[in-house]
Amino acid sequence: MAYHTFYLGLGSNLGDRTALLTRAIQRLTTGARQWRCANWYATAPVDYLEQPWFLNTVLELTVDITPEAMLAQGLGLEAEAGRVRTVPKGARPLDVDILLCQTADGVFLVSADSALTLPHPRLHQRRFVLTPLCDLIPDAQHPQLHQSFAHLLATCPDRSPVEIFAQNGLSFGGDARPEV
């Protein structure tokens, strides 16, 4: 199977947000060839405003699974954490979104499949996604908009608060597995 590098948006605004994100990172990075995590941010809710603030980050990981398998893994983790989809964009213990998927030769996949749209269709419109993504790949180009993620963040119409919560600096390059 071919390796893919995924950029996953992780978020939580119900329960022990830190523990939920930590557990998700541990589970998602098991078996990863390499990975690193952006800083964690406290972010105001967007769209549905009557809910608690989120903790958000972006996880970059290189694994030998397909985008469809990563989607299934993310949905499984959300279900294990107790996510129930009753209110669109409502409060949730865990949210795992595939933002981008890069092939081994460095090409970002583009897909308009109804089950998995790549890149994530609202990625360029969300400060809570672009801010941690820019911790990892600010100069990379959005595969459809052909602008850097740093430029997309600078010109993002979303002005909702995104505040540093923790400078993470977690990564794994194949030597010794760090504690999360």
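Cut-offs applied
- Residue numbers run consecutively from 1 along every chain, following the written order of its sequence.
- Local features in a predicted model are, by the rule used here, given only for residues with pLDDT of at least 70; side-chain atom pairs are given and counted only at 80 or more, and totals for whole chains, interfaces and linings are based on all residues.
- Hydrogens and waters are ignored; side-chain quantities use all the structure's heavy atoms.
- Whenever Lys or Arg places a side-chain nitrogen within 4 Å of a carboxyl oxygen from Asp or Glu, that contact is recorded as a salt bridge.
- In DSSP terms, a helix is any run of H or I states spanning at least four residues, a strand is any run of E spanning at least two, and both are numbered starting from the N terminus.
- The buried label applies to any residue whose accessible area, calculated with a 1.4 Å probe on protein chains only, is under 20% of its type's maximum; exposed applies above 50%, and partly exposed to all values in between.
- Among the buried residues, those of types Ala, Val, Leu, Ile, Met, Phe, Trp, Tyr and Cys that are joined through side-chain atoms within 4.5 Å form a nonpolar core.
- Residue contacts are defined here by distance: any two heavy atoms, one from each residue, within 4.5 Å place the two residues in contact.
- What pLDDT expresses is the predictor's confidence in each residue, scored from 0 to 100.
- Here, any two strands with at least 2 DSSP bridges between them count as paired.
- Throughout this description, a polar contact denotes any pair of N or O atoms lying within 3.5 Å of each other; where both atoms belong to protein, one of them has to be capable of donating a hydrogen while the other can accept it, and for residues adjacent in sequence the pair is counted only when both atoms sit in side chains.
- One less than the residue count of a helix, multiplied by 1.5 Å, gives the span that helix is expected to have.
- Starting at the helix axis, one direction is taken to each C-beta atom, and the arc is that of these directions.

## A look at the pattern of salt bridges
Okay, so step 1: Counted according to the given criterion, the structure contains seven salt bridges.
Okay, so step 2: Note that E80 and R23 form a salt bridge whose closest N and O atoms lie 3.5 Å from each other. Of this pair, E80 sits in helix α2 (residues 67-80) while R23 sits in helix α1 (residues 17-29), and the two are 57 residues apart along the sequence.
Okay, so step 3: Exposure remark for R23: the relative accessible area of 44% places this residue in the partly exposed category.
Okay, so step 4: The shortest N-O distance in the salt bridge between D47 and R126 comes to 2.6 Å. On the criterion of sequence distance, the pair formed by D47 in the loop between β3 (40-43) and β4 (54-63) and R126 in the loop between β7 (117-118) and α3 (127-136) is long-range, its members being 79 residues apart.

## Side note on the nonpolar core
Okay, so step 1: Counting residues in hydrophobic clusters, the biggest one holds 24 residues, and the most contacted among them are F6, L8, L10, L28, L59, L61 and M70.
Okay, so step 2: Put simply, the parts of the chain that give this core at least two residues each are β1 (4-12), α1, β2 (34-37), β3, β4, α2 and β5 (95-103).
Okay, so step 3: In this structure, M70 is in contact with F6, L8, L28, L61, V63, I65 and I98, ignoring residues within four places of it in sequence.
Okay, so step 4: L100, F108, V129 and L133 belong to the second-largest nonpolar core, a separate cluster that totals 18 residues.

## A look at the environment of H142
Okay, so step 1: Position of H142 relative to the elements: it lies in the loop between α3 and α4 (149-154).
Okay, so step 2: Distance in space between the C-alpha atoms of H142 and L123 is 9.5 Å, their sequence separation being 19 residues.
Okay, so step 3: Not counting residues within four places of it along the chain, the set of residues in contact with H142 comprises P119, L123, H124, Q147, F149 and L152.

## Quick look at the confidence of the model for the protein chain
Okay, so step 1: Looking at the protein chain as a whole, the pLDDT averages 91, with 92% of positions reaching at least 70.
Okay, so step 2: Averaged over each element, pLDDT in the protein chain is lowest for strand β9 (residues 171-172) (54) and highest for α4 (98).
Okay, so step 3: Low pLDDT, under 50, characterises residues 174-180; the predicted model gives this stretch 15 contacts beyond four residues in sequence or across chains.

## Comments concerning the pairing of β2
Okay, so step 1: Where burial is concerned, the two faces of β2 differ: the one with W35 and C37 is buried and the one with Q34 and R36 is not.
Okay, so step 2: Where β2 lies against β4, four bridges are found, and the strand directions are antiparallel. Paired with R36 across the two strands is E60, which belongs to β4.

## Side note on the side chain of E60
Okay, so step 1: Among the secondary structure elements, E60 is positioned in strand β4.
Okay, so step 2: Taking the relative accessible area as the measure of exposure, E60 reaches 11% and is therefore buried.
Okay, so step 3: In this structure the side chain of E60 is engaged in a polar contact, spanning 2.6 Å, whose partner is the side chain of Y7.
Okay, so step 4: For E60, the side chain forms a polar contact with the side chain of R36, separated by 2.7 Å.

## Observations regarding α2
Okay, so step 1: End to end, α2 covers 20 Å across 14 residues, agreeing with the expected 20 Å (1.5 Å per residue, within 8%).
Okay, so step 2: The complete set of buried residues in α2 reads P67, M70, G74, L77 and E78. The buried residues of α2 occupy one face: seen down the axis, they fall within an arc of 100°. Facing away from the buried side of α2 by over 90 degrees, the exposed positions are E68, A72 and A79.
Okay, so step 3: Each element contacted by the buried residues of α2 is listed here: β1, α1, β4, β5 and β7.
Okay, so step 4: Among the residues trailing α2, G82 stands out with phi positive, at a value near 100°.

## Overview of the side chain of R126
Okay, so step 1: Overall, the relative accessible area of 12% leaves R126 in the buried class.
Okay, so step 2: Looking at R126, its side chain comes within polar contact range of the side chain of D47, at 2.6 Å.
Okay, so step 3: Non-local contacts of R126, meaning those with residues more than four positions away in its chain, are made with V46, D47, K89, C156 and D158.

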